[in-house]
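Here is what each chain is made of, one letter per residue.
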Amino acid sequence: MVNTTYRINDRPGPEVIVNFGDGFAYSKQRMDEAFRSGLFDKPPSKAPKEVHAAKKEDVELIMNEFEISRLQAERALAAANGDVVKALKDLVSA
């Protein structure tokens, strides 16, 4: 039988949960400490961005009329909360 535990400085090594091919390992003790410390209970530092699902036809209309990129058209629609008429007016006045 092979002894799979190893010793570091005459102390037993941590119980390894996963060994990765690039040499990284995660130990059960460190994972438990991270969960107990409340590290994962903290809210995210940035609020998630509100996503507006723009219709493909609306984006293409704005792209063709103003000859702008898809990203610029999507941003204009997002700023107008998906309202095509408001997005067009905003782009004209800009």
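Everything here concerns the structure above.
Caption draft 1: Expanded view of the packing of helix α2 (residues 56–66) against helix α4 (residues 84–93). Contact geometry of α2 with α4 gives a least axis separation of 11 Å together with a crossing angle of 25°. Between α2 and α4, the angle is such that the two are roughly parallel. α2 and α4 meet at a crossing whose hand is right-handed. Side by side, α2 and α4 meet where D58, L61, I62 and F66 of the first sit next to V84, A87, L88, L91 and V92 of the second. A breakdown of the residues in the contact of α2 with α4 according to their chemical character gives 8 nonpolar, no polar and 1 charged.

Caption draft 2: Geometry of the nonpolar core. Judged by nonpolar contacts, V59, I62, A73, L77, A80, V84 and A87 together constitute the single largest core of 7 residues. Put simply, the parts of the chain that give this core at least two residues each are α2, α3 (70–79) and α4. Discounting chain neighbours no more than four positions away, the residues touching A73 are V59, I62, M63 and I68.

Caption draft 3: Molecular detail of the pattern of salt bridges. Per the stated rule, a full pass over the model turns up 2 salt bridges. As a salt-bridge pair, R70 and E60 come within 4.0 Å of each other at their nearest N and O atoms. Placement of the pair is R70 in helix α3 and E60 in helix α2, with a sequence separation of 10 residues. A salt bridge links K86 to D90, with the shortest nitrogen-to-oxygen separation between them at 3.2 Å. One end of the pair is K86 and the other is D90, both in helix α4 and 4 residues apart, which spans about a single turn. K86 gets classed as partly exposed once you look at its relative accessible area, which sits at 39%.

What counts, and at which threshold
- Residues numbered from 1 in each chain as written.
- Predicted model: local features only at pLDDT ≥ 70, side-chain atom pairs only at ≥ 80, totals over all residues.
- Heavy atoms only, no water.
- Axes fitted to C-alpha atoms, helices over the stretch in contact; angles between N-to-C directions.
- Helix = DSSP H or I, 4+ residues; strand = E, 2+ residues; numbered from the N terminus.
- Parallel < 35°, antiparallel > 145°, perpendicular 65-115°, else oblique.
- Left-handed = near helix turned anticlockwise from the far one by under 90°.
- Contact = heavy atoms within 4.5 Å.
- Nonpolar A, V, L, I, M, F, W, Y, C, P; charged D, E, K, R; others polar.
- Core = buried A, V, L, I, M, F, W, Y, C linked by side-chain atoms within 4.5 Å.
- Buried < 20%, exposed > 50% of the residue type's maximum accessible area, 1.4 Å probe, protein only.
- Salt bridge = Lys/Arg side-chain N within 4 Å of Asp/Glu carboxyl O.

No statement about biological role is implied by the geometric values presented.
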